[in-house]
Amino acid sequence: MVFRDVERWFADRGDYTLRLDYDLNEDSIIWIFGGYHGDYVQDIFNKHKCNVYVFEPCISSYNILENRFSNDEKIRVFNYGISDKTGDVNFIDLGDASTIQNLHEDIHDRHVSVVSMKSFKDVYTELKLDTIDLLMMNVEGSEYAILNNIFENEYTEKIINYQIQFHTHVTGAQQMLEDIREELSKTHKQDWNYQWVWENWSLKS
């Protein structure tokens, strides 16, 4: 199902239904790119009691996440973001829409800090995991680079479900989105799509 009206997402209560509705158990692995203050982390963990890995480069959000989940052994929080390259980048603090500076060059009046980023390939190798049952990413434009890093390193089928929020402010977003969907469709099926809000792809059986 494809919807192009953001109002439909809220009418369908997608944040409380579709985004949590997965066949997961206590052994499942969830990676969350862009944890912010942890509301989704808490909701998905409460429902499934999975192993949750949260990647958050913004230090203020990381501190909130670390304090919030310090007593939950199954929730691990990392103070770096995921991209296609490993290294430091300039980062603009926009609250729940914080982003890498060069992805939002029209914004000049916000505090810029330096944060650490790691490529998906490097993190996947370091953590020595095999299957990721759910990969959720809300990374304000970095999703295109991350997904291409996954494709290039042939990790696509290591991920059972992709829950992605795509963003329009990146140059060439529409074409990149079409290319990514074409690549994902080789191995996954699109379960639902609320255009430019959230969409999910699950591994074909």
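Residues numbered from 1 in each chain as written. Predicted model: local features only at pLDDT ≥ 70, side-chain atom pairs only at ≥ 80, totals over all residues. Heavy atoms only, no water.

A. Spatial organisation of the nonpolar core. If you look at the biggest cluster of nonpolar residues, it comprises 33 residues, and the most contacted ones within it are Trp31, Phe33, Phe55, Phe120, Leu135 and Ile150. Listed by contribution, the elements that provide at least two residues to this core are β2 (29-33), β3 (51-55), α4 (120-127), β9 (132-137), α5 (143-152), β10 (159-164) and α6 (173-184). By residue number, the principal contributor to this core is α5, which donates 5 residues. Phe120 has contacts with Trp31, Phe33, Ile82, Ser83, Ile132, Leu135, Asn149, Ile150, Tyr155 and Ile159, leaving out every residue within four places of it along the chain. Ranked by size, the runner-up nonpolar core spans 26 residues in total, among them Ile44, Phe45, Leu65 and Phe69. (Core = buried A, V, L, I, M, F, W, Y, C linked by side-chain atoms within 4.5 Å. Buried < 20%, exposed > 50% of the residue type's maximum accessible area, 1.4 Å probe, protein only. Helix = DSSP H or I, 4+ residues; strand = E, 2+ residues; numbered from the N terminus. Contact = heavy atoms within 4.5 Å.)

B. The arrangement of the sheet that holds β10 in detail. Taken in spatial order, the 8 strands of this open sheet run β1-β11-β12-β10-β9-β2-β3-β4, and their pairing is mixed. Lying at the two open borders of the sheet, with one neighbouring strand each, are β1 (2-3) and β4 (75-78). As paired strands, β10 and strand β12 (residues 198-203) are joined by 4 bridges and run antiparallel to one another. Paired with Asn161 across the two strands is Ser202, which belongs to β12. Along the sheet face, α6 touches β10, β11 (188-194) and β12 and points at about 25° away from the line of β12. (Pairing = 2+ DSSP bridges. Axes fitted to C-alpha atoms, helices over the stretch in contact; angles between N-to-C directions.)

C. The arrangement of the pairing of β3 in detail. With respect to burial, β3 is a largely interior element, 4 of its 5 residues being buried. Where β2 lies against β3, 5 bridges are found, and the strand directions are parallel. Looking at β3, one finds that Ile29 is bridged to Asn51. The β-α-β motif built from β2, the intervening helix α2 (residues 39-48) and the parallel element β3 has right-handed crossover chirality. Taken together, β3, helix α3 (residues 59-68) and β4 constitute a β-α-β crossover, and its handedness is right-handed. (Right-handed = clockwise from strand over helix to strand, strands pointing away.)

D. Region of the structure containing the packing of aromatic side chains. For the structure on display, the rule yields 17 aromatic pairs. Look at Trp9 and Trp192: their rings are 5.7 Å apart centre to centre, the planes differ by 40°, and that puts the pair in the tilted class. Here Trp9, found in helix α1 (residues 6-11), pairs with Trp192, found in strand β11; they are 183 residues apart in sequence, far enough to count as distant. Each ring, one from Tyr124 and one from Tyr155, has its centre 4.5 Å from the other, and the planes form 35°; the classification is tilted. (Phe/Tyr/Trp six-rings, centres within 6.5 Å; stacked < 30°, edge-to-face > 60°.)

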